[in-house]
Amino acid sequence: MALLTTQDKFDKVADELGAQFYEREEVIRSMLAAMIAGEHVLLIGPPGTGKSMLTRSFADSFGLPAIFNLLLTRFTTPEEVFGAYDISALEQGRYERNTRGKLPTAEIGFLDEIFKANSAILNALLTMLNEREFDNGTARVKCPLEMVVGASNELPEDGEGLDALYDRFVVRHWVNPLKRGSLRSLLSKGGGGSTLTKVSPKSIQMARSGSEKVKLGQKVLTSLLDLKDELSGHGIEASDRRWMKIIKIMKANAWMDRRMDLSQKDLRVASYTLWNKPEEISTIEAVLINYAVPCESEALRSKDVVDSIIGDFDMTGATVAALTDDETMPYLMQLKDMRKNIDPVLAHLKKLDLENKDNATVKECLNYTDEKRDALSDLMKRVMQLT
């Protein structure tokens, strides 16, 4: 068996987590990019959308033994996060905390309901997130923290003094409930669990070193500045610090794609790094279309058409065996209609692929569409066997 490269390991973790957590592929990939870039992730969404389970499975993918997990409330004390004061140190007049098993000694942290953090916790937390340091007594100590995943059911309210904490999370995702087809698969097969592939601390450092070597060319830099100006015109602003961190995420994304130069494709990370309110996401998505390579924009739009054709239809075929005689023919006709509608989209993507042979995005959209058509054909064969 061939040895896995570092990039292969990240790919396998992404695939294994994606197979367990439906509709979370982009979230998972961005979490991996954040780990490589040494940045933090925020997952926002209603209760029960798998934020905690995904984070636990993600953390389990890395060979990092020190994991800290805590649900914050308004009444959470600093002792619960940073450790209680050391009695022996107090007897000697030193105000030092015993941080063993707490966030200052963790390598991955998961803070649920992150915006419930009170003022007694906030300042020390900000320092840890940004500088990876903790003030313990008179000494400022280094923390081994690789990343923190924060989760919340809601955004912080204006005037709560949480803007600085919010800004520390470069990668942000609004996590929606699953669509009908994915929910059916989840209910039928279950979800969650651990990955078989583990990424060691050494592999993380190799990935980090590799991503730092990815080059930012003038064309992408100009596009990035133009994007900043255009989003500013829509009232979407980001700090200079955030833009610097976004470039780190872009480089990590390129490294996972085995590229050593940033491309227009990497600007896609703006869709989950620049929004402050959920309603800004659609605006950013619309603006980003203008910055993609033309053939990529066309391919991505074609892929969206395929998704709209399929909609919430259950592509797993879990219900085929349970079809009644009266249901079989309408079900078969629905499959035929979807395949018929996908055919011209597939033909268009094949033409795009011939015209842009080295474009990975076009190839990816073509393969995606081909797979969906094949899946429909397989379902049709299964249904026809019932007639």
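Our subject is the structure listed above.
Treat the numbers as computed from the prediction; the structure is a model and nothing was measured.

1. Points about the overall build of the protein
Consideration 1: Per the secondary structure count, the protein includes 15 helices and 7 strands.
Consideration 2: In summary, the protein has a C-alpha radius of gyration of 23 Å against a globular reference of 21 Å for 387 residues, a match within 12%.
Consideration 3: In terms of its C-alpha atoms, the protein occupies a principal-axis envelope of roughly 85 × 50 × 50 Å.
Consideration 4: In the protein, which comprises 387 residues, the proportion classed as buried is 47%.
Consideration 5: Only carbon and sulfur atoms are counted for the fraction: they give 52% of the accessible area of the protein, which is about 19300 Å².

2. A few points about the state of the cysteines
Consideration 1: Taken as a whole and assessed by the stated rule, the structure comprises 0 disulfides.
Consideration 2: The closest cysteine sulfur to the non-disulfide-bonded Cys-295 is located on Cys-365, 9.7 Å from its own sulfur.

3. Notes on helix α3 (residues 51–60)
Consideration 1: Those residues of α3 that sit buried are Lys-51, Leu-54, Thr-55, Ser-57, Phe-58 and Ala-59.
Consideration 2: Next to the buried residues of α3 lie α1 (6–20), α2 (25–37), β1 (41–44), β2 (67–71), β3 (108–112) and β6 (147–152).

4. What about the environment of Ser-182?
Consideration 1: With respect to the helices and strands, the residue Ser-182 is situated in helix α8 (residues 180–189).
Consideration 2: Those residues in contact with Ser-182, other than ones at most four positions away along the chain, are Tyr-22 and Glu-23.

5. As for the environment of Thr-361
Consideration 1: Relative to the helices and strands, Thr-361 is located in helix α15 (residues 360–384).
Consideration 2: Under the relative-accessibility criterion, Thr-361 is labelled buried at 5%.
Consideration 3: Spatially, the C-alpha atom of Thr-361 lies 5.9 Å from that of Glu-296, the residues being 65 residues apart in sequence.
Consideration 4: Beyond its immediate chain neighbours, meaning those up to four positions away, Thr-361 contacts Lys-265, Glu-296 and Leu-300.

Analysis parameters
Residues numbered from 1 in each chain as written. Predicted model: local features only at pLDDT ≥ 70, side-chain atom pairs only at ≥ 80, totals over all residues. Heavy atoms only, no water. Helix = DSSP H or I, 4+ residues; strand = E, 2+ residues; numbered from the N terminus. Rg over C-alpha atoms; globule rule 2.2 N^0.38 Å. Buried < 20%, exposed > 50% of the residue type's maximum accessible area, 1.4 Å probe, protein only. Areas by Shrake-Rupley, 256 points an atom, 1.4 Å probe, with all protein chains shown as cover. Disulfide = S-S within 2.5 Å. Contact = heavy atoms within 4.5 Å.

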